Each structure stands twice: as C-alpha cells, then as structure tokens.
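# Results of the structural survey
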Amino acid sequence: DRAATYKMPSHLANRFTHLQYDVHFEDWKTWAYANNVDPSVIAFLGFRPALLHQFDPAKKAFPTPRSWEFVSCIMKQGVPDDCFLETVAGTVGEDAATQFTGFFRVFRSLPDYEDIVAHPDKALVPNAADALYAVSTMLVVRGEDKHATPIFQYMERLPKDFQVLIYRDIGQKNPSMAETRGYIQWTTANQAILLNR
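Residues numbered from 1 in each chain as written. Predicted model: local features only at pLDDT ≥ 70, side-chain atom pairs only at ≥ 80, totals over all residues. Heavy atoms only, no water.

## Considering unusual backbone geometry
Counted only if it meets this: Counting from the N terminus, the helices are the DSSP runs of H or I reaching at least four residues and the strands are the DSSP runs of E reaching at least two.
Not every positive phi belongs to a glycine, and N36 is a case in point at roughly 55 degrees. On the secondary structure map, N36 appears in the loop between α2 (25–34) and α3 (39–47).

Here's what the structure looks like:
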C-alpha cells in the first residue's frame, strides 16, 4: 500500500526474497479462533468477508485484519452503547462500523449458549443469514467436549450449510471434539454431504 515506504534500490532488493500476500478470510478465521478474537467479530466477517480488508489511502480508519483484532480488544474492555458506533468507526471506518453495529445488535439477541446446551430441541433457531452466522460462531467459540451431544442436536435444526460450517470449524478449533459421541454420530449420518463439499 506504499505507506511510509521508500523504493528499495535494485542491488539491495536483489539480496532479499520478495513474497506477495493476499488476505483470505478462512486463514484469518483460523488465526482468530486460536487468538480469542471476539465471536461477534468472527461471525460478522464470516457474513461479510469482503470487509476483512479494504485499504483506502484517503481514510485514517479502514478495515484490515489488524484493525478488526483491535475492535475485538476494544469490545473486551467494554464500550458503552452510546459511543459504540463512533468507537468502531474510528477503528475500521464508518461503513464497516455501521454494518458491524447492526450485526452486533442481532448477535446480542441470540439464544444463550447455556440455553442451547440445556434445551437443544427447544432453543431458538434464527432464520436470517446474519443471525445464523452469529449463532454458528458462538457455538464454535464456546463449544466444549462435554456439551458435544446437545450442540450437535441443536445443530441438526440449522440449514445444512451452517451445520457443515460448525462441524468444520469446531473440529479445527477444538480437535478433541472429533472424539466425542455427538461429533462422530453427525459425521456418520452426513458422510454424503461431506464428500460432496
């Protein structure tokens, strides 16, 4: 992006290996799960992956993997509702902040993890795609081996695309989950779906 950089002389450039990096949500998501990024940030970017990185040299704040991680840190410190939008906008820019703020309201209205594991057959199942991303990410982030059976019971009430999303992400974030009864039963029952993806 040429920020705070100078052209490297050719004789010096020839002494280095030069690599080009692209930003990919799936790679960032793996890192985000491992580094305890706030679930609402991960869920939002799963719903709007194009907002992970939008460099704009004309703006002071714009979305990048770094600035989204900073949003997560700010949220963990606690941001009052009356300045939430402005704080996020000052970190990732106004457009991304407006979309994230709307998404975060949805995220806060989701069923509690405790309610899902206590009542997997009765807990609320959202209809909207943004809410489905949010509840899926919440289950991945908070999912524990001891709750595998109710998590997978609840998961079976979701659309198949979101079942596969949870299945893959929860196994990646918590490999011991793959040894639980709920995980194994879902794998056995859905082999045809997994082979076609």
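## Examining the side chain of D130
Note the following rule: The rule is simple: take the accessible area with a 1.4 Å probe, protein chains only, and divide by the maximum for that residue type; under 20% is buried, over 50% is exposed, in between is partly exposed. Only four residue types enter the charge count, namely Lys and Arg as positive and Asp and Glu as negative; His and the chain termini do not. The working definition used for a salt bridge is a side-chain nitrogen of Lys or Arg within 4 Å of a carboxyl oxygen of Asp or Glu. For this analysis, residues touch if any pair of their heavy atoms sits within 4.5 Å.
Mapped onto the elements, D130 comes out in helix α8 (residues 129–142). Notably, D130 is buried but unbridged: the nearest opposite-charge side chain belongs to R48, and the N-O separation is 7.3 Å. In this structure D130 touches F47, F103 and V106, once residues within four positions along its chain are discounted.

## So, the packing of aromatic side chains
Test applied: Here a pair means two rings of Phe, Tyr or Trp (six-membered ring of Trp) with centres within 6.5 Å. Their orientation is stacked below 30 degrees between planes, edge-to-face above 60, and tilted elsewhere.
With the rule as written, the count across this model stands at 17 aromatic pairs. The interplanar angle of 20 degrees and the centroid separation of 6.1 Å between the aromatic rings of F84 and F100 together place this pair among those described as stacked. Of this pair, F84 sits in helix α5 (residues 84–92) while F100 sits in helix α6 (residues 94–108); the two residues are 16 residues apart in sequence, bridging distant segments of the chain. Classification of F84 by relative accessible area gives buried; the value is 7%. Look at F100 and you get buried, because its relative accessible area is 0%. Seen from their ring centres, Y133 and F162 are 5.1 Å apart, and the 80 degrees between their planes marks the pair as edge-to-face. Placement of Y133 in helix α8 and of F162 in helix α10 (residues 160–173) is noted, with a sequence separation of 29 residues between them. Given a relative accessible area of 24%, Y133 falls into the partly exposed group. Three or more aromatic residues link up through ring pairs in this structure, and these residues are F44, F47, W68, F84, F100, F103, F104, F107, Y133 and F162.

## What to know about the packing of α3 against helix α4 (residues 65–77)
The following threshold applies: Axis angles are defined between N-to-C directions and span 0 to 180 degrees, where every axis is a line fitted to C-alpha atoms and, for a helix, only to the segment in contact. Each residue gets one label: Ala, Val, Leu, Ile, Met, Phe, Trp, Tyr, Cys and Pro are nonpolar, Asp, Glu, Lys and Arg are charged, and the others, such as Gly, are polar.
Contact geometry of α3 with α4 gives a least axis separation of 9 Å together with a crossing angle of 145 degrees. On the side of α3, the interface is formed by S40, V41, F44 and L45, while α4 contributes W68, V71, S72 and M75. Among the residues making up the contact of α3 with α4, the classes are represented as 6 nonpolar, 2 polar and no charged.

## A short note on a nonpolar patch on the surface
Basically, it comes down to this: Any residue with relative accessible area above 30% and no salt bridge may belong to a patch, with like charges joined within 9 Å and the nonpolar Val, Leu, Ile, Met, Phe, Trp and Tyr side chains within 5 Å. Each accessible area is a Shrake-Rupley result for a 1.4 Å probe, and residues are judged covered by the shown protein chains and nothing else.
A contiguous nonpolar patch, built from M8, L12 and F16 and spanning about 270 Å² of accessible area, is present on the exposed surface. In this fold, F16 is placed in the loop between α1 (10–13) and α2.

## Observations regarding the packing of helix α9 (residues 148–155) against α10
Here is the rule we go by: Throughout, the term roughly parallel applies to angles under 35 degrees, roughly antiparallel to angles over 145, roughly perpendicular to angles from 65 to 115, and oblique to all others. Crossing handedness is defined as follows: a turn of the near helix away from the far one that is anticlockwise and smaller than a right angle gives a left-handed crossing, while the clockwise case is right-handed.
In contact at an axis separation of 10 Å, α9 and α10 are set at 155 degrees when each is read in the N-to-C sense. The orientation of α9 with respect to α10, classified from their angle, is roughly antiparallel. Crossing geometry of α9 relative to α10 is assigned as right-handed. The residues of α10 that touch α9, namely those facing I151, F152 and M155, are Q163, I166, Y167 and I170. A per-class count over the contact of α9 with α10 returns 6 nonpolar, 1 polar and no charged.

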